[in-house]
Amino acid sequence: MNPTPDVLAAALDEVWAKSVDRSGRTGRPGHAERLTEHSRNTWSAARAVADRIGTAGILAAWPSFWTLVALAALLHDAGKVAEGFQRQVKHRGHRWGERHEVLSLAYVDLFAGALPADDRALVAAGVGLHHRWLRSETGSGALRDLYPPAAAWYRRFGYDPDPPSGQPSGQVPARRHRTLVAWYADQLGVPVPADGDRKLWQRARDEFMLLRSAWEEPVDPVRGLAGVLLQGAVTLADHSASAHVPLQTHLPLPADYLTRFEYRPYPHQEQAADTEGHLILVAPTGSGKTESGLAWASRQLPTMPGRPRVVWVLPYRASIDAAATRFRQDLPPAPGETVADIGVLHGSAALSVLADAVREDCAATATDAGNASARAGAMRLFAQRFRVATAYQLLIGAIAGPRYASVLLEQANSLIVLDELHAYDPQTFGRLCACMRLWEDLGSRVAVVSATLAPPMVELIRQTLRQPVTVHRAPAGTAPDRHRLVLDDQPLSAPASLEIVRSWLADGHSVLLVANTVATAQTLYAALAPAALAAADPADRDAALLLHSRFRARDRAAIERRLLTRHGERRPGQPARRRGLVVATQAVEVSLRLDFDRGATELAPIEAVAQRAGRINRLGRHPDGPVEYRVHRGDTPHPYQPEALEAAWSALAAAPGPVMSEQTIDHWLNLAYDTDWGRRWAEQARDSRDAFGDTFLTFTEPFSDREEFLDGLRESFDTVEVLLQADRPEYERLTTGPDGHALLGAGLLIPLRYGQWRALGSVGTVGRHRIPVVDAPYSLETGLDLSGTASRTSTATSPEETVL
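About the thresholds
- Residues numbered from 1 in each chain as written.
- Predicted model: local features only at pLDDT ≥ 70, side-chain atom pairs only at ≥ 80, totals over all residues.
- Heavy atoms only, no water.
- Axes fitted to C-alpha atoms, helices over the stretch in contact; angles between N-to-C directions.
- Helix = DSSP H or I, 4+ residues; strand = E, 2+ residues; numbered from the N terminus.
- Parallel < 35°, antiparallel > 145°, perpendicular 65-115°, else oblique.
- Contact = heavy atoms within 4.5 Å.
- Nonpolar A, V, L, I, M, F, W, Y, C, P; charged D, E, K, R; others polar.
- Core = buried A, V, L, I, M, F, W, Y, C linked by side-chain atoms within 4.5 Å.
- Buried < 20%, exposed > 50% of the residue type's maximum accessible area, 1.4 Å probe, protein only.
- Pairing = 2+ DSSP bridges.
- Phe/Tyr/Trp six-rings, centres within 6.5 Å; stacked < 30°, edge-to-face > 60°.
- Lys NZ or Arg CZ within 6 Å of the ring centre and 35° of its normal.
- Left-handed = near helix turned anticlockwise from the far one by under 90°.
- Polar contact = N/O pair within 3.5 Å; in protein donor to acceptor, adjacent residues only side chain to side chain.

Before going further, it helps to examine the packing of helix α5 (residues 100-112) against helix α10 (residues 200-215). Two elements in contact, α5 and α10, have axes separated by 7 Å at closest approach and are oriented at 90°. When the interaxial angle is binned, α5 and α10 end up roughly perpendicular. Here V102, L103, L105, A106, Y107, V108, D109 and L110 of α5 come into contact with α10, specifically with L200, R203, A204, E207, F208 and L211. Classifying every residue of the contact of α5 with α10 gives 11 nonpolar, no polar and 3 charged.

Moving on to the nonpolar core. Core analysis: the largest hydrophobic core is formed by 174 residues, its most contacted members being Y107, W215, F429 and M436. Beyond its immediate sequence surroundings of up to four residues, F429 is in contact with L421, Y424, M457, L460, I461, W681 and A685. One finds L258, L331, A340 and L415 within the second-largest nonpolar core, a separate group that totals 34 residues.

Attention now moves to the sheet that holds strand β16 (residues 659-660). Reading across from one edge, β12-β13-β11-β14-β15-β10-β16 is the order of the 7 strands in this open sheet, with mixed pairing throughout. Only two strands of the sheet have a single neighbouring strand rather than two, namely β12 (544-547) and β16. Across 6 bridges, the pairing between strand β10 (residues 483-488) and strand β15 (residues 627-632) is parallel. Of the residues in β15, the one forming a bridge with R484 is E628. Its contacts with the sheet put helix α23 (residues 553-566) on β12 and β13 (581-584), and the angle it makes with β12 is roughly 135°.

Looking now at the pairing of strand β4 (residues 309-314). Across the 6 residues of β4, 6 count as buried, placing the element largely inside the fold. Burial along β4 is two-sided: the residues R309, V311 and V313 and V310, W312 and L314 are all buried. In this sheet, strand β7 (residues 414-419) lies alongside β4 in parallel orientation, the contact comprising 5 bridges. In the strand pairing of β7, V311 is matched with I416.

Taken as a whole, this structure holds 21 aromatic pairs when the rule is applied. Judged by centre distance (5.9 Å) and plane angle (45°), the ring pair of W153 and F208 falls under tilted. A residue pair is termed long-range when its members are at least 10 positions apart, and W153 in helix α8 (residues 153-158) and F208 in helix α10 qualify at 55 residues. Both residues of the pair, W153 and F208, count as buried. Arranged with centres 5.0 Å apart and planes meeting at 85°, the rings of W215 and F703 form a pair that is edge-to-face. Here F703 lies in the loop between α27 (676-696) and α28 (710-716) and W215 lies in helix α10, a separation of 488 residues in the sequence. The two residues W215 and F703 agree in class, both being buried. Grouping aromatic residues by their ring pairs yields a cluster made of W96, Y147, W153, F157 and F208. Sitting above the plane of the W43 ring, R47 keeps its charged end 4.6 Å from the centroid.

Attention shifts here to the packing of helix α2 (residues 35-53) against helix α3 (residues 65-75). Where α2 contacts α3, the axes come no closer than 8 Å and their chain directions differ by 155°. Regarding the angle of α2 to α3, the classification is roughly antiparallel. The element α2 and its partner α3 pack so that their crossing is right-handed. Between α2 and α3, the residues in contact are S39, T42, W43, A46, V49, A50 and I53 and W66, V69, A70, A73 and L74, respectively.

Here the focus is the side chain of E83. Within the fold, E83 resides in helix α4 (residues 83-90). Overall, E83 belongs to the buried group, its relative accessible area being 18%. Of note is the side chain of E83, whose polar atom sits 2.8 Å from the side chain of R176. When neighbours within four sequence positions are excluded, E83 is seen to be in contact with P168, G170, Q171 and R176.

Any link to function would need more than the numbers given here.
Right under this line is the structure:
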C-alpha cells in the first residue's frame, strides 16, 4: 500500500527549506519551514500568479505555460534535500558551497523528462535559474562558470570520499530521496518515477547540460520572452510563498466607475469610458484627466483575462507619494479595510528589496532574517493590483534575470496609464514607446493622458503600437479662460521681478513661483518668504512653503500634505485673495491639485510652461476671472537645452493672447515642435525607441547577465539617492535586523543628480547596496543645501535636474 500524504510529509519533517523563524516573519516564531511546506506554498502561489496573468498576449499561444510554471514552482527547491544544505540551514556558520537549484534539476529530469523538449527546457529554466544567471561575461558567479562539464559532479552532489571538514560524505540519503520523490508524485497525482540506474548527481549534470544547450545560444525571441516570463512567474511565486504574503485579488477600481460620479461627467470622460483598447486623451488641467484614465481602465476590465492590474506611471518620483495618497482617498477599499491599498514603486529602495529577495535564503543567521524581510518587502511591490510607479521602475524590467523578470511579468495583462508623458526627454520617451510595443505583446493596454501632448508624440505612439489607438481631445470650452499671459525678459530673480511678487503678496494673493533648478528655488524662497510672512496672520505657519525633491522623502510628503491643505482647489464662494507663497520646482507640475491666485515661472520647455499654469486659477473659479501668469527668461538655460527654450519663447511670443485658452496651448505646441529643435526631438525619440527595443526587448539570449547595463540605465535618469550622515543611525535601525529592509528606510533618502553627488562627495556608504552617505547642510524648511558645491557641480544639461 502506498504511504499517505501525511505519512510522506512526516517522513520529511526534518528536511527544511528555511531556517528557524526567530523574527516572527512567518507568524510562527520558532518554526522552521519544511521543504514540503514551502514547495506546496510556492505551488499554490504559482496558481495565484496564473489566475492573475491568465492567457494574456503571447501566452495565449502557449496553452501549457501555466502548467509548466506550476511544475517548476513545485520542484524549484528540491535540491535542498541535500545533506550539505540541511546542515547549512540548521547550523550557524556552516556553508555548503553548492547551488541547491542545480541539484533540483535532477528532479526536473525525473518529473519533466517525458515532456516535449521545449516544455522541458522551460521547466528547467524556471527551476535552475531562479537565483542566478546562466551565463555572464563579467564573472559574476553565473551557473555556467560554476558548473562546467568537467566539474566534479560526483563529489559535489553525490559521494565525496574525502569531504572537507564539517561536510558530509554523501549528499542525498537514498531513503530521503525516495520519500521526496514519492511526495512529489503524490502532489502531482502521477506514478512514482523509476530511478533506474542513473544516480541523482548524474541526472542533475545531464539536465544542466540540456539547460545549457537549450538556452546558451540565441533562440527565437518569442520563445526567449516566454522563458523570461516563466522565470518571473516562478520567482514571484517563490517571493509570495517565502514572505507569506498572498497576491491580492481585490482591485480598488469598480467596473462601473464613471456611473458613481455625483455630477455629469465631461464629454471626454464619457469618451474615455467608452473606449476599448489603447487610448490617447488630451484634456485641460483641472478637467478630470485622472478620472478619465480611471474610467478607461474600468471599461477594459470585463474584456481582459485573469485579474488585470492598473499601473499609473508618473514622470517625477517627487509626484509619486502625492498621487498614491490621492488614489487611497478616492478609490473604494477592499471589504473590511478603511482605505484602498495602493502600491508604490519608486526609488532605489524598491530595487534593493528585489535584489535582496533573490539572495540565497538558507543561512541560519541574522542575514537570513534580513533576506526574509526583503522578500516581504518585495511582495509589497507586487501584492496590490493598483500601483503608482515611475517609468524607471517599469524600464528596469527589461534587465530581466532572477531579480527583475518578475517586474517584467507583472507588466503582462495590465492597464498602464502614462500620466503627462510629455515630461520625458526624447531618449526616455522613445524607450517608453518601445515598452508600449512589448506591453501590447504581453496583452496589456495603454492609455496616455496629458494636458499637453505635441503632434510628434501622438504620431510616434500611434506608429509604435500595432493595435488601433483611439485619440480623444476635450472639446473647446471644456475649461474656461484662466490666465492672462505676461512675458518678461527679466529673470524671475531680478529685483524688478521680485517687487512684482512682493506686491502680489502685500495685496493678499496666494502666489506660486516655479523655478527650473532647486538652487534658484531656494534663492527665491529666501528672498520672498519674509514678505509672505509679513502679509499673513502671525499664527499661519504655512504662509511660505518651499517644495522641491531635494528633501528627505518623508519630509517632502509632509510638505505636500501642508500644501494641499493650505492651497487646495478653490471652492465656490471662497475669497478672491487667499494669501501665502509657494516656491517650487517642476515637482509641482504633476498630481498635486493646487490652486493659486497669481503665478510666475522661469522659461521652460513649452509643455512645462503650460503645466505650471495649470496650478494657477486651476478651475477658473477666481472671482477676478483670468489672472496674471508671468513667464520670465532666465539667466541661463540650465538645465534645459537652449534650443528647447528658444522654441518655447518663440511660440509664446507668436501667440501671446494675452488671454490664454486651451486652443492657445495647442497652438504653442504646434509652433514649438515645427522647428529644427522639434524635428530633432522626434528623430531622437524614434531612434531611442528602435535602439532600446533591439537591445533590451528582443529576448534572444534570455538568461545572459544584463545587469552590467543597470548602472547605465540608472545614470540615464541622472539619479542617485543619498543619505545624510546625521540620519545614518536611524537608517541602519530601519533597514537591518530581523524586521528591517530597504523600504523602511526609503523615507530618509534624498535624490540628487550624479554630477551634484560627485561634486559633493561621499563620506561613506551604508547597507548592502552601498547607499552614498553625504555631509551637507539640511533644513526641514529648505531641504539639502548644495551651495557650497556650486562651483564644482557639473553644468551638463539634463532635463531631469529638477526631478531631483
